[in-house]
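Single-letter residue listing:
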Number of protein chains: 2
Amino acid sequence: MIARQIETALSRAQVICKRRGARLTPVRRRVLELILSSDQPTGAYALLGELQRGRGKLGPPTVYRALEFLLAHKLIHKVETSSAFIACADIEHPHESQFMICDDCGATEELRDEEIVESLRRLGERRGFAVERQVVEARGLCPACRSAQR
Amino acid sequence: MIARQIETALSRAQVICKRRGARLTPVRRRVLELILSSDQPTGAYALLGELQRGRGKLGPPTVYRALEFLLAHKLIHKVETSSAFIACADIEHPHESQFMICDDCGATEELRDEEIVESLRRLGERRGFAVERQVVEARGLCPACRSAQR
DNA sequence: AATTTGGTGTTACGCTATAACATGCCACGT
DNA sequence: ACGTGGCATGTTATAGCGTAACACCAAATT
Ligand SMILES: [Zn+2]
Ligand SMILES: [Zn+2]
Ligand SMILES: [Zn+2]
Ligand SMILES: [Zn+2]
């Protein structure tokens, strides 16, 4: 993402937080900025490394707490199979989403398919299960790597 | 699972491996047995601990290599959001499956819904993505914990 | 017999995540 | 202004998950 878009996204996040009485503090804002800057999912320790470039030595809890906040407010998603974090593509409308992850280059795309969301929710309901969170990730090869393979 | 069923499952696994020219060695068989014995997903280090009770000190690679084999042959599944391993409920028919995991008690159920499998595969295809592996996990509250909460 | 292959043992290390406690900051009621 | 309670952050230590690299051995292949 380019600088211009990042600023816009940060402003929007700021507004959303204010509306909810939540505080997008400098640390949290900076972590979100770092995640927005990368087009691929970023690991917690990579974020920590970047954070430290500005503020000297910091411990993992600092970044994990910021991540916890950003996750709670759905400003970012966690990609479970990569143990990494990615900016949400539509923070105005909290949602469940799905991810396509390339095993070759790591490219990760956020998708939204209501059919899958509903199927999974219904599947749980039928069993008396109250689904709170969905993790749906498809791993494989992206179009680019797919054609490069041959 | 009770001892009787475990033996049956192990025998079936043995047959399947032989058919494929794969070797279900003592270590691998033992790890599978441990996973079958637990009705909840088991972590690699818990398995390692059990393994050591019989064979003295062993390192993590021993158990991770066994897990790698069992996963490759679809005798077990990995529950990504728990970093734990669970026996497959139908090893005769390799498949993609989904999991319902209780955040409260850890109870984990393997489901099979072809609709979700197909939706996700098609979703990938539409984007030129070749889906090799699906991770579909729903976290929430199981029926028991749900009623216990009130 | 020599070579190859696959499985295991061993050591060491890296990455991911959290517990526990200390410190600092700010809003609020007095 | 003062104290206080709540929240965010800093700090240290440790737990949990996973793999690289190399050594060894036994069975299969030549
Ligand atoms: Zn999103
Ligand atoms: Zn790719
Ligand atoms: Zn299964
Ligand atoms: Zn439960």
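Since we're looking at a predicted model, the values are computed, not measured.

All names here are of chain A. The assigned domain composition of chain A is domain 1 (3–87) and domain 2 (98–149). On a C-alpha basis, the centroid separation for the pair domain 1 and domain 2 is 22 Å. Between domain 1 and domain 2, roughly 800 Å² of surface is buried when both sides are summed, and carbon and sulfur atoms account for 46% of that area. The largest contributions to the domain 1 side of the interface with domain 2 come from Gln40, Glu80 and Thr81, which together make up 45% of the buried area. Here domain 1 is connected to domain 2 by one salt bridge. Put simply, Glu80 and Arg133 hold a salt bridge, and the shortest N to O gap is 2.3 Å. Taken together, the links from domain 1 to domain 2 amount to seven residue pairs in polar contact (both at pLDDT 80 or more). Elements with a minimum of two residues in the side of domain 1 that touches domain 2: strand S1 (76–79) and strand S2 (84–87). Ranked by the residues each element gives to the side of domain 1 that touches domain 2, the list is headed by S1, at three residues. Classifying every residue of the side of domain 1 that touches domain 2 gives four nonpolar, four polar and two charged.

Okay, the sheet that holds strand S4 (residues 108–111) of chain A next. Taken in spatial order, the six strands make up an open sheet running S4(A)-S3(A)-S5(A)-S5(B)-S3(B)-S4(B), and their pairing is mixed. Both outer strands of the open sheet, S4 of chain A together with strand S4 (108–111) of chain B, are each paired with one neighbouring strand and no more. When the angles between neighbouring strand axes are averaged without regard to direction, this sheet yields 20°. Relative to strand S5 (residues 130–141) of chain B, strand S3 (residues 98–102) of chain B runs parallel, the two sharing five bridges. Bridge pairing in S5(B) links Gln98(B) to Val136(B). Packed onto the sheet, helix H5 (residues 114–126) of chain B meets strand S3 (98–102), S4 and strand S5 (130–141) of chain A together with S3 and S5 of chain B and runs at close to 130° relative to S5(B).

Next up on the list: the coordination of the zinc ion (ligand 1). Residues and elements named next belong to chain A. Here the zinc ion (ligand 1) is held by the protein donor atoms His77 (NE2), Cys88 (SG), His95 (NE2) and Glu110 (OE), which lie 2.0 to 2.2 Å from it. What the four donor atoms of the zinc ion (ligand 1) show is an angle range of 91 to 150° at the metal, which sorts the shape as irregular. For the zinc ion (ligand 1), the single-chain donor residues occur in sequence as H-x10-C-x6-H-x14-E. Residue His95 is found in the loop between S2 and S3, and its partner Glu110 is found in strand S4; the two are separated by 15 residues along the sequence.

Next up on the list: the packing of helix H3 (residues 44–55) of chain A against helix H4 (residues 60–72) of chain A. Residues and elements named next belong to chain A. Contact pair H3 / H4: the axes reach a minimum separation of 9 Å and the direction vectors enclose 110°. One finds that H3 runs roughly perpendicular with respect to H4. With respect to the hand of their crossing, H3 and H4 are arranged in right-handed fashion. Between H3 and H4, the residues in contact are Ala44, Tyr45, Leu47, Leu48 and Leu51 and Pro60, Thr62, Val63, Tyr64 and Leu67, respectively. Tallied by class, the residues present in the contact of H3 with H4 amount to nine nonpolar, one polar and no charged.

Conventions adopted
- Residues numbered from 1 in each chain as written.
- Chains lettered and ligands numbered in written order.
- Predicted model: local features only at pLDDT ≥ 70, side-chain atom pairs only at ≥ 80, totals over all residues.
- Heavy atoms only, no water.
- Domains from an automatic or database assignment.
- Buried area = accessible area lost by both parts, 1.4 Å probe.
- Salt bridge = Lys/Arg side-chain N within 4 Å of Asp/Glu carboxyl O.
- Polar contact = N/O pair within 3.5 Å; in protein donor to acceptor, adjacent residues only side chain to side chain.
- Helix = DSSP H or I, 4+ residues; strand = E, 2+ residues; numbered from the N terminus.
- Nonpolar A, V, L, I, M, F, W, Y, C, P; charged D, E, K, R; others polar.
- Pairing = 2+ DSSP bridges.
- Axes fitted to C-alpha atoms, helices over the stretch in contact; angles between N-to-C directions.
- Contact = heavy atoms within 4.5 Å.
- Donors = N, O, S within 2.8 Å, 3.2 Å for Na, K, Ca; no water.
- Tetrahedral: all angles 85-135°; square planar, octahedral: opposite > 155°, others 65-115°.
- Parallel < 35°, antiparallel > 145°, perpendicular 65-115°, else oblique.
- Left-handed = near helix turned anticlockwise from the far one by under 90°.

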